[in-house]
Amino acid sequence: MNAEALRSAATVVALSVQEGIRRRVFLAVLVLTLAFLALYALGAHFAFRDVDEFAAGEPAILDPHAFTGATIFGLAMFATLFLGAVLAVFLTLGVVRGDAESGLLQPIVVRPIGRTTMLLARFAGAALLSAAYVVAVYLAAWAITEATGHWSPDHLLGPALGLALAVAIIAALSLLASTVLSVTAQGIVVFMVFGAGLTAGLLAQIGNAINSDSLHTIGRAASWALPFEGLYAAGLHALISGTSGLTGVVLQLGPFGGSEAAGPELIAWAFLYLAGVLALAAFIFSRRDL
Amino acid sequence: MAAPVLAVSQLHKRYGGQEALAGVDLEVEAGQLVGLLGPNGAGKSTLTKIACGLVRPSAGSVEVLGRRAGSPQARAALGYLAELFRFPGWLTAAELLRFHQRLVGSDGGEAERRQLLELVELGAAAGKRIEAMSKGMQQRLGIAQALVGSPRLLLLDEPTSALDPVGRRIVRELLEELRRRGVSVLLNSHLLSEVELICDHVAIIARGRLVKAGTPQELAGPAAVVVETGSGVRSFEGAGREEAPAIVAELVAAGESVYRVEVRHSSLEDVYLEAVGGQTG
């Protein structure tokens with residue numbers, strides 16, 4: 001990519017970010033986020049207080065503090081991923097077909113920037129905003145957990161970066177959908193895919209719990225096919241990867257999908273997957289009559 | 001002889017089973033203002049979109065300044081305003097132009113933006129948000145946007161469709177000014193009178209084929225010399241102003257009394273209707 005193309009791409013990224021911030025959905029997500037964080041702070045405060053009272057003087061089978069902290073923070077991670085997915089989808093809603101039908105795309109595409117650069121720039125704008133958003137919410141939830149219960153995950157930054165990569169993948173899938181689907185269909189399909197990914201994680205968890213290798217394999221294969229779920233499960237696992245004993249075993253089950261250790265191969269696969277989805281979107285877009 | 005700014009050769013485009021263009025040839029020379037006429041669905045917009053790389057041709061070729069249409073070099077040389085367009089409503093007129101300046105790599109800065117806005121008589125609306133503008137103002141802003149970076153070729157698809165008579169006059173004067181500056185323009189329009197007034201060359205497309213082309217004067221050529229004589233009105237079809245004295249002399253020599261002579265021209269509208277065979281989209 002030459003300097004001119006880079007400058008054009010940066011211009012479109014800046015416009016996408018500006019546009020994203022100005023969209024009503026961004027404001028709605030911000031309000032929802034503030035409401036979620038306020039409720040989370042309230043819930044964390046009472047959860048830690050009650051569990052401390054409940055466990056006081058009892059022989060400890062589980063570490064109640066770690067159990068509470070990991071459970072509610074895992075829940076916060078799920079909410080963060082969900083809100084991040086909503087944001088990623090809405091920021092990429094109608095980017096190709098929708099904007100082409102409304103006449104917003106043509107004045108930009110006829111410029112020397114080229115379709116692929118334009119598409120990648122739109123992706124970069126949406127992914128940057130969504131990733132920054134999930135990292136900020138994740139860190140806010142951590143700060144609340146630390147302040148209310150003095151509990152911190154075993155790994156703090158790894159899960160945050162995993163969530164950021166997960167929402168970037170969702171943004172890429174949504175962009176791909178926008179090359180062929182109308183705005184409404186795009187939103188429906190991407191949220192269905194998101195739900196399917198999380199269901200795959202639950203299937204793997206159930207397979208693990210009932211000792212069904214087939215179910216576990218199917219669940220894991222499906223979650224690799226939609227690696228945002230694998231990244232989420234790996235993030236959940238990283239929260240408690242240093243926690244041993246019964247507490248560690250129980251926490252493996254995690255809320256809204258089981259935690260699952262993942263090595264660097266998942267990260268490598270997630271980046272490859274992202275590149276593949278974007279390449280496919282660029283290919284379809286390049287052949288589309290506008 | 002310099003290569004044409006836009007060269008369309010044997011252009012075909014099929015959408016599924018529908019043939020939108022069936023072998024169109026067209027050239028736009030430097031500084032020429034070419035009007036593209038035709039009923040709805042004739043293929044005018046498709047031709048324009050292929051020229052700016054929005055649509056891929058099924059066969060044939062389109063070149064802009066010798067470069068394949070749709071290539072970065074071809075796109076850098078042209079400005080385009082679509083029939084259906086929309087700009088981000090939250091941008092101001094000046095912000096939109098700055099955005100396009102960055103996209104085309106124009107270093108015209110504030111001076112270029114001011115000049116373009118004044119050219120379309122939107123100088124006072126530089127800070128106005130697009131969503132607060134009337135459709136006519138947006139259309140004129142669209143033309144200013146297409147002119148960012150001083151393109152050599154301007155492709156305008158129905159640029160006056162949302163304009164009132166004053167807005168149309170502004171655009172007409174703007175196009176004449178562009179011609180003086182040597183910018184080539186391909187103008188898609190339904191407004192025959194407008195095309196007849198300002199275009200150097202007219203091409204009429206019907207059912208994906210170029211059915212007539214020439215200067216407005218050539219197309220709206222002499223239709224007949226009508227002479228009122230003592231024995232009645234006689235019409236000499238196909239004869240023009242130059243033939244009128246000879247016709248009169250012949251009639252007088254033949255003993256006719258001539259009371260009135262009229263040279264009738266067919267208008268562009270007559271030519272258009274004849275060319276498209278009354279077809280409408």
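Residues numbered from 1 in each chain as written. Chains lettered and ligands numbered in written order. Predicted model: local features only at pLDDT ≥ 70, side-chain atom pairs only at ≥ 80, totals over all residues.

Give me the overall build of chain A: which residues, what numbers.
The secondary structure content of chain A amounts to twelve helices and zero strands. Ordering the α and β elements of chain A from the N terminus gives α-α-α-α-α-α-α-α-α-α-α-α. Computed over its C-alpha atoms, the radius of gyration of chain A comes to 21 Å, within 12% of the 19 Å expected for a compact globule of 290 residues. Burial status across chain A gives 49% buried among its 290 residues. Taking contacts inside chain A between residues at least 6 apart in sequence as the whole, the part at least 24 apart equals 83%. (Helix = DSSP H or I, 4+ residues; strand = E, 2+ residues; numbered from the N terminus. Rg over C-alpha atoms; globule rule 2.2 N^0.38 Å. Buried ≥ 20, exposed ≤ 12 C-beta atoms within 10 Å, placed from the backbone. Contact = placed C-beta atoms within 7 Å.)

Which residues make up the domain arrangement of chain B, and what are the values?
What the domain assignment lists for chain B is domain 1 (6–214) and domain 2 (222–265). Measuring from the centre of the C-alpha atoms in domain 1 of chain B to the corresponding centre in domain 2 of chain B gives 44 Å. (Domains from an automatic or database assignment.)

Got a sec to walk through the nonpolar core? Specific residues and values, please.
Residue and element names in this part refer to chain A. Val167, Ile169, Ile170 and Ala171 are the most contacted members of the largest nonpolar core, which totals 165 residues. Sort the elements by how many residues they give to this core and helix α3 (residues 64–91) lands first, with 17 residues. Non-local contacts of Ala171, meaning those with residues more than four positions away in its chain, are made with Ala88, Leu91, Thr92, Phe123, Ala126, Ala127 and Ser130. (Core = buried A, V, L, I, M, F, W, Y, C linked by C-beta atoms within 7 Å.)

Which residues make up the sheet that holds strand β3 (residues 33–37) of chain B, and what are the values?
Adjacent strands of a sheet pair through backbone hydrogen bonds, lying either parallel or antiparallel. All names here are of chain B. With respect to topology, six strands assemble into an open sheet ordered β6-β7-β8-β3-β9-β10, the strand pairing being mixed. Of all strands in the sheet, those with a lone pairing partner are β6 (78–81) and β10 (209–214), marking the two edges. If you compare each strand with its neighbour and ignore which way they point, the axes differ by 15° on average. In this sheet, strand β8 (residues 184–188) lies alongside strand β7 (residues 153–157) in parallel orientation, the contact comprising five bridges. (Pairing = 2+ DSSP bridges. Axes fitted to C-alpha atoms, helices over the stretch in contact; angles between N-to-C directions.)

Describe the sheet that holds strand β4 (residues 59–64) of chain B, listing the residues and the values that go with them.
Residue and element names in this part refer to chain B. Pairing is antiparallel in the open sheet, where four strands are placed in the order β2-β1-β4-β5. Edge positions in the open sheet fall to β2 (18–28) and β5 (67–68), since each of these has one partner strand only. Direction of pairing for β4 relative to β5: antiparallel, over a ladder of two bridges. Its bridge partner being in β5, Glu63 is matched across the sheet by Arg68. Relative to strand β1 (residues 6–15), helix α1 (residues 44–51) is tilted by about 115°, and along the sheet it contacts β1, β2 and β4.

How would you explain the interface of chain B and chain A if you had to name every residue and give the values?
In this assembly, 23 residues from chain B lie in contact with 21 residues from chain A. Among the elements that take part in the side of chain B that touches chain A, helix α3 (residues 93–104) of chain B stands out by supplying five residues, more than any other. The residue inventory of the side of chain B that touches chain A, partitioned by class, reads 15 nonpolar, four polar and four charged. (Nonpolar A, V, L, I, M, F, W, Y, C, P; charged D, E, K, R; others polar.)

Go over the packing of α3 of chain B against helix α5 (residues 135–146) of chain B, please, and point to the residues and values.
Residue and element names in this part refer to chain B. As a packed pair, α3 and α5 sit with axes 10 Å apart at the nearest point and diverge in direction by 25°. Taken as axis vectors, α3 and α5 run roughly parallel relative to one another. Considering only the axes of α3 and α5, their crossing is right-handed. Where α3 abuts α5, its residues Ala93, Leu96, Leu97 and His100 lie against Leu141, Ala144 and Gln145. Class assignment for the residues of the contact of α3 with α5 results in five nonpolar, two polar and no charged. (Parallel < 35°, antiparallel > 145°, perpendicular 65-115°, else oblique. Left-handed = near helix turned anticlockwise from the far one by under 90°.)

Outline helix α8 (residues 183–209) of chain A, supporting the account with residue identities and numerical values.
Residue and element names in this part refer to chain A. Given a rise of 1.5 Å per residue, 27 residues ought to cover 39 Å, and the 39 Å separating the end C-alpha atoms of α8 matches this to within 8%. Turning to α8, its buried residues are Gln186, Gly187, Val190, Phe194, Gly197, Leu198, Ala200, Gly201, Leu203, Ala204 and Gln205. One or two steps after α8, the chain reaches Asn211, where phi turns positive at roughly 60°. (Expected span 1.5 Å × (residues − 1).)

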